[in-house]
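# Analysis of the macromolecular model
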Amino acid sequence: MESEQRRKRKQQRVTGRHHILNLPSSISLFLSFSFFIFLLFLSTNRFSIFFNNHSSTFHPSLTPSTLSLFYSSKSNSILDPQTTALRQYTLQHRLLFPDCLLLFLSNHPPKPNELECAYYNNGSAEPDFDVIEVQPVLSTDQYDESRSIARCPFPKNMSAATTVDIRRRGEMGRRNLNQVAKKTQSWDKVAYEAILDRDTVVIFVKGLNLRPHKISDPTSFRCHFGLKGFHKEGSFMLTTKAVSVAQEVVRCLLPKSIRNSPGMARGILVSVSHMAGNMRHPVRMLVPSVAKVSSPRDSVKSENGRKHELCVCTMVWNQASALREWIMYHSWLGVERWFIYDNNSEDDIERVINDLDGQGYNVSRQAWPWIKTQEAGFSHCALRAREECKWVGFFDVDEFFYFRNEFRHRLGQGQGVPGENSLRLMVTNLSSSSIAEIRTACHSFGPSGLTVPPKQGVTTGYTCRLQSPERHKSIVRPDLLDISLLNVVHHFQLREGFRSIDMSEGNVVINHYKYQVWETFKAKFFRRVATYVVDWQKDQNKGSKDRAPGLGTEAIEPPNWRLQFCEVWDTGLKDFLVSYFADPATGLMPWERSSKYGY
């Protein structure tokens, strides 16, 4: 989460931003007035819209779904005894994931130990239905400005008739059927995120099954903006055409009536439809949606009011122990801003991020609960970072830039630490050219004979690698990306007229500490975040560079794992860091000395 100071500064910048519509016609006036009325309804959080997938038109059902949690000193309060305010949560959406149920709630989340998941059997015709099971909430998180999320485990006897609700821990009794949102959406096909981008909206959709790594034809796609509070069929939506479609990303124009004031679209439920069926009987299918339009958070630029020269975006899962070394080292190389997309971590990573941000490293966390969506997450981050950053690097927390020539240039000559800000200088020198993407080759390191994680960090612990490089990672100019935002994790599609450049391996490479000790690599085995990278457990693409050769599909440690992937001993980065960064008295590295939480 962002620090309180940054949040307050952003709130101050938001205050007072009012836009006046320039309405050219009575039709535009009516539509804009409709949006105004909708926003009033939206602010009350009193209704939910449900769409029918099997028709080319909307069939909304307005269902009250307010969930009230009474936390007061008069009712056995589980909050501060002086807190007497009524806290209301509206259960807005449920999503069925492979490993949990994800619930969207209005308002800020209480702590997980204050809530519990209650499971009901809603197959009965009775107006009330009984609790059949209660389990603790797995986690809660703030998702966006107006919504929080809670994760519930599957009940022991899950069936199609089971409904999950969130309630105060220890609360007894039954909840009326009409007080609980009935529909549970499947993660396999759903619009899950939407973000404004000038006069367009970018919607992220799971389940379109488009060609990977290719831009698709947008002509059969439409975006729909739901308007709540009108009871006449056909008046619940505005529809616009898609202007680009790629993988999971659909971009559409905003409705004409609000194009001059795009902020009016914030908070509106949006979805995507596409043509299905056959040539004789085409059917427009509407994708279920939990996506509400958000805007890129107000940018936090450098102290002089200019864009940061270099930022970095990454997606992580349970990488709290790796963040400190990675961020502190690359900040020394010149990175000024960090966007951390947290993909359901369970290792207290938020506290580590807040600690680093408090030390001045300018780190923010984005809750990103969507599994297997790394490419989409990077597209989302490119939009967020564009207003703050000239260049954005996309690489992982086990990847470290190593400037071979620069680090050796003044080594031992008493002229200070060589190589400082090398990464930022590299992108600055290319900013005035037609280059929009810088690609750097990755050398994959192995366990290097170790059996336990190195205490001083991966840069000093792993020193043996494969001979030839694998893959590359990129730093891009976000304002020069193609409107499709197409990427394959390692690089983006660029706007016409701009090009990429491959950096010389003699100058700079990335040390990719990919195959670490088995204890660490085993966790990676169970979790792949890229959409189009096959999971380890699936018997597919065994020859891919994304798989460990000879590993198979089971998390069983191969013979002599500690000695594998070792063809060249490469101690260059380790020698440099030990010479210049280790404390002379204790031998500790900076990321060891600054750790408060044992990471």
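All residue numbers refer to positions counted from 1 along the written sequence of the respective chain. Local features in a predicted model are, by the rule used here, given only for residues with pLDDT of at least 70; side-chain atom pairs are given and counted only at 80 or more, and totals for whole chains, interfaces and linings are based on all residues. With hydrogens and water stripped out, all remaining heavy atoms of the structure feed into the side-chain values.

A few words now on the overall build of the chain. Only DSSP runs of H or I with at least four residues qualify as helices, and only runs of E with at least two residues qualify as strands; both kinds are numbered from the N terminus onward. Looking only at helices and strands, the chain features 11 helices and 31 strands. Here the chain holds 599 residues, and the buried ones make up 54% of them. With residues, only the protein chains shown are counted as cover, and all accessible areas are computed by Shrake-Rupley using a 1.4 Å probe. On the chain, roughly 27400 Å² of surface is accessible, and the fraction owed to carbon and sulfur atoms is 50%. Partly exposed describes any residue whose relative accessible area lies between the buried limit of under 20% and the exposed limit of over 50%, with all areas from a 1.4 Å probe on protein chains only and scaled to the type maximum.

The next subject is unusual backbone geometry. Backbone geometry places Asp348, a non-glycine residue, at a positive phi of 65 degrees. Position of Asp348 among the secondary structure elements: in the loop between strand E22 (337-342) and helix H4 (349-361). Despite not being glycine, Asn362 has its phi angle at roughly 60 degrees, a positive value. Take Asn362: it is sitting in the loop between H4 and strand E23 (363-367). The exposure class of Asn362 is buried, given its relative accessible area of 13%.

Cysteine sulfur atoms are paired as a disulfide whenever they come within 2.5 Å of each other. Counting across every chain of the model gives 5 disulfides. Shown here is the disulfide that connects Cys311 with Cys389, its sulfur atoms set 2.0 Å apart. Measuring the twist about the S-S bond at about -95 degrees, one finds the Cys311-Cys389 disulfide to be left-handed. Of this pair, Cys311 sits in strand E21 (residues 308-316) while Cys389 sits in strand E24 (residues 389-394); the two residues are 78 residues apart in sequence, bridging distant segments of the chain. Taken as a pair, Cys311 and Cys389 share a single burial class, namely buried. Left without a disulfide partner, Cys100 is nearest to the cysteine sulfur of Cys152, which lies 8.4 Å away.

With 53 residues, the main nonpolar core has Leu323 and Trp326 as its most contacted residues. Contacts were defined at the residue level, with two residues in contact if any of their heavy atoms lie within 4.5 Å. Among residues more than four places away in sequence, those in contact with Trp326 are Val312, Thr314, Trp338, Ile340, Phe395, Asp396, Val397, Glu399 and Phe400. The definition of a nonpolar core used throughout is a set of buried Ala, Val, Leu, Ile, Met, Phe, Trp, Tyr and Cys residues joined through side-chain atoms within 4.5 Å.

Here His472 is to be found in strand E28 (residues 472-476). Whenever a nitrogen or oxygen atom comes within 3.5 Å of another N or O atom, the pair is scored as a polar contact, on the condition that within protein one atom can donate a hydrogen and the other can accept it, and that pairs from neighbouring residues in sequence are kept only if both atoms are in side chains. A distance of 3.3 Å separates the side chain of His472 from the side chain of His491, its partner in a polar contact.

A few words now on the pattern of salt bridges. Every case where a carboxyl oxygen of Asp or Glu lies within 4 Å of a side-chain nitrogen of Lys or Arg is listed as a salt bridge. Across all of its chains, the model carries 20 salt bridges by this definition. Between Glu387 and Arg198 there is a salt bridge, with its nearest N and O atoms 3.6 Å apart. Of the two residues, Glu387 is situated in the loop between helix H5 (374-386) and E24 and Arg198 in the loop between strand E12 (190-197) and strand E13 (200-206); the sequence distance between them amounts to 189 residues. Classification of Glu387 by relative accessible area gives partly exposed; the value is 33%. The salt bridge involving Lys390 is made with Glu309; its shortest N-O contact spans 3.3 Å. Of this pair, Lys390 sits in strand E24 while Glu309 sits in strand E21; the two residues are 81 residues apart in sequence, bridging distant segments of the chain. Residues participating in the shared-partner salt-bridge network are Asp197, Arg198, Arg251, Arg386 and Glu387.

Averaged over the chain, the pLDDT score is 79; the fraction of residues at 70 or greater is 73%. Residue-level confidence of the predictor is summarised by pLDDT, bounded by 0 at the bottom and 100 at the top. Ignoring residues within four places in sequence, the model shows residues 7-31, a span with pLDDT below 50, making 27 contacts including any to other chains. Note that pLDDT drops below 50 for residues 176-180; the model gives that stretch 19 contacts with residues more than four away or on any other chain.

Time to look at the sheet that holds strand E9 (residues 162-168). Reading across the sheet, the 3 strands line up as E6-E4-E9 and stay open at both edges, with antiparallel pairing between neighbours. At either end of the open sheet lies a strand with only one pairing partner, and these are strand E6 (131-136) and E9. Looking at each pair of strands side by side, their axes are set apart by 30 degrees on average, direction ignored. By definition, two strands form a pair when at least two bridges between them are found by DSSP. Relative to E9, strand E4 (residues 115-121) runs antiparallel, the two sharing 7 bridges. Looking at E9, one finds that Cys117 is bridged to Ile166. Orientation is described by lines fitted to C-alpha atoms, with helices fitted over the stretch in contact, and by angles between N-to-C directions that extend from 0 to 180 degrees.

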